[in-house]
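Notes for the structure review
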Amino acid sequence: MLFAAGAADQVVAVSAFSDYPAAATRLPQVGDAFRLDYERIVALAPTVAVVWETGTPAGVAERLQGLGIRVVSIPTRRLDDIATGLLTLGDLASTRPVAEAAARDFRARIAALAERYRGRATVRVFVQSDDVPLYTVGGPHLITEILGLCGGVNLFADSGAQALPVDLESVLARSPEVILSADAGDPGPYWARFGNLPAVARGNVYRSRADLLARPSSRIADGAADVCARLDEARGKLEGP
């Protein structure tokens, strides 16, 4: 998000798994969302720490503030929060024109997807984020909003949790027409034993790139486009003979 907002030359360190863009991989990694190397952070002398509103524990933010570092929290509860976050970061880095262009592009891409898939037949989707244990996303997750862009309905949208463990029986009982996995491995072998499940019977078990779909950044527009294409393909199979 900082790179997209034009602040590349102002970033002095990153957290683990920061692998995009390539320049981010060349910066010092000072920990993850839960464990930080505070001594190394102080040595790098940052003036601001950018954290995720829903992804960084309160204790981490408080510790950084105690070290005299300003903490800026970026909310990512809705897709449009990403555009707003880009603008916030552009103001923070004094790169507003770059951030405005990035925010406009992101909003335009999301709007185009909503328009393209408006009115398509609804498909019921189980989102698999892990298989051991079986994990999915609930109503407040960005992936649920993405599914809505494409005419998809998250089978566990009735859960108020961002992510939750589910038992296999409850998934089978809800009879998904599409299974969309953001897990690392191939979801096919796991679900092949349930040949009567509509998603399996119609060949509608798909894998999506987790870094495009699960990370709340402007690249999630790429993940959303991929999901919409998969659901449209699945829709065609469901409508076929």
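Our subject is the structure listed above.
One structure accompanies this document, and this report is about it. Nothing here was measured: the structure is a model prediction, and the numbers come from that model. (Residues numbered from 1 in each chain as written. Predicted model: local features only at pLDDT ≥ 70, side-chain atom pairs only at ≥ 80, totals over all residues. Heavy atoms only, no water.)

A word on the pattern of salt bridges. The final tally for this structure, using the stated rule, is 16 salt bridges. A salt bridge links R219 to D211, with the shortest nitrogen-to-oxygen separation between them at 3.6 Å. Taken individually, R219 and D211 each receive the classification buried, so the pair is uniform in this respect. Residues D226 and R230 are paired through a salt bridge, measuring 3.4 Å at the closest nitrogen-oxygen approach. (Salt bridge = Lys/Arg side-chain N within 4 Å of Asp/Glu carboxyl O. Buried < 20%, exposed > 50% of the residue type's maximum accessible area, 1.4 Å probe, protein only.)

This part takes up the environment of F126. Note on placement: F126 falls in strand β3 (residues 123–128). Separated by 65 residues in the primary sequence, F126 and A61 have C-alpha atoms spaced 34 Å apart. Excluding anything up to four places from it in sequence, F126 contacts L134, Y135, T136, L155, F156, V166, V171, P176, V178, I179, L180 and W191. (Helix = DSSP H or I, 4+ residues; strand = E, 2+ residues; numbered from the N terminus. Contact = heavy atoms within 4.5 Å.)

This part covers the pairing of strand β8 (residues 178–181). A two-sided burial pattern is seen for β8, the buried positions comprising V178 and L180 on one face and I179 and S181 on the other. Pairing analysis gives four bridges linking β3 to β8, with the strands arranged parallel. Paired with V125 across the bridge in β8 is V178. Of the pairings in the sheet, the one linking β8 to strand β9 (residues 205–207) comprises three bridges and is parallel in character. Residue pairing in the sheet places I179 in a bridge with V205 of β9. (Pairing = 2+ DSSP bridges.)

Another aspect to go through is the packing of aromatic side chains. According to the stated counting rule, one finds four aromatic pairs in the structure shown. Taking the centre distance of 5.8 Å and the plane angle of 70° together, the rings of F126 and W191 count as edge-to-face. Placement of the pair is F126 in strand β3 and W191 in helix α7 (residues 188–191), with a sequence separation of 65 residues. The residues F126 and W191 share a single accessibility class, namely buried. With a centroid separation of 6.1 Å and an interplanar angle of 55°, the aromatic rings of W191 and F194 are classed as tilted. By relative accessible area, which is 0% here, W191 ends up buried. (Phe/Tyr/Trp six-rings, centres within 6.5 Å; stacked < 30°, edge-to-face > 60°.)

This paragraph deals with the sheet that holds β3. With parallel pairing, four strands are arranged side by side in an open sheet as β6-β3-β8-β9. The open sheet has two free edges, formed respectively by β6 (152–154) and β9, since each of these has just one partner strand. Adjacent strand axes in the sheet meet at a mean angle of 30°, parallel and antiparallel pairs treated alike. The strands that helix α5 (residues 142–149) touches are β3, β6 and β8; relative to β6, the one it contacts most, it runs at about 155°. Contacting β3, β6, β8 and β9, helix α10 (residues 220–239) crosses the sheet at an angle of about 165° to β9. (Axes fitted to C-alpha atoms, helices over the stretch in contact; angles between N-to-C directions.)

Membership of the largest hydrophobic core comes to 38 residues, with the highest contact counts inside it found for V125, L147, V227 and L231. Secondary-structure elements contributing two or more residues to this core are β2 (70–74), α3 (79–93), α4 (96–116), β3, α5, β8 and α10. The element contributing the most residues to this core is α10, with seven residues. Listed in part, the 15 residues of the second largest apolar core include F126, L134, L168 and V200. (Core = buried A, V, L, I, M, F, W, Y, C linked by side-chain atoms within 4.5 Å.)

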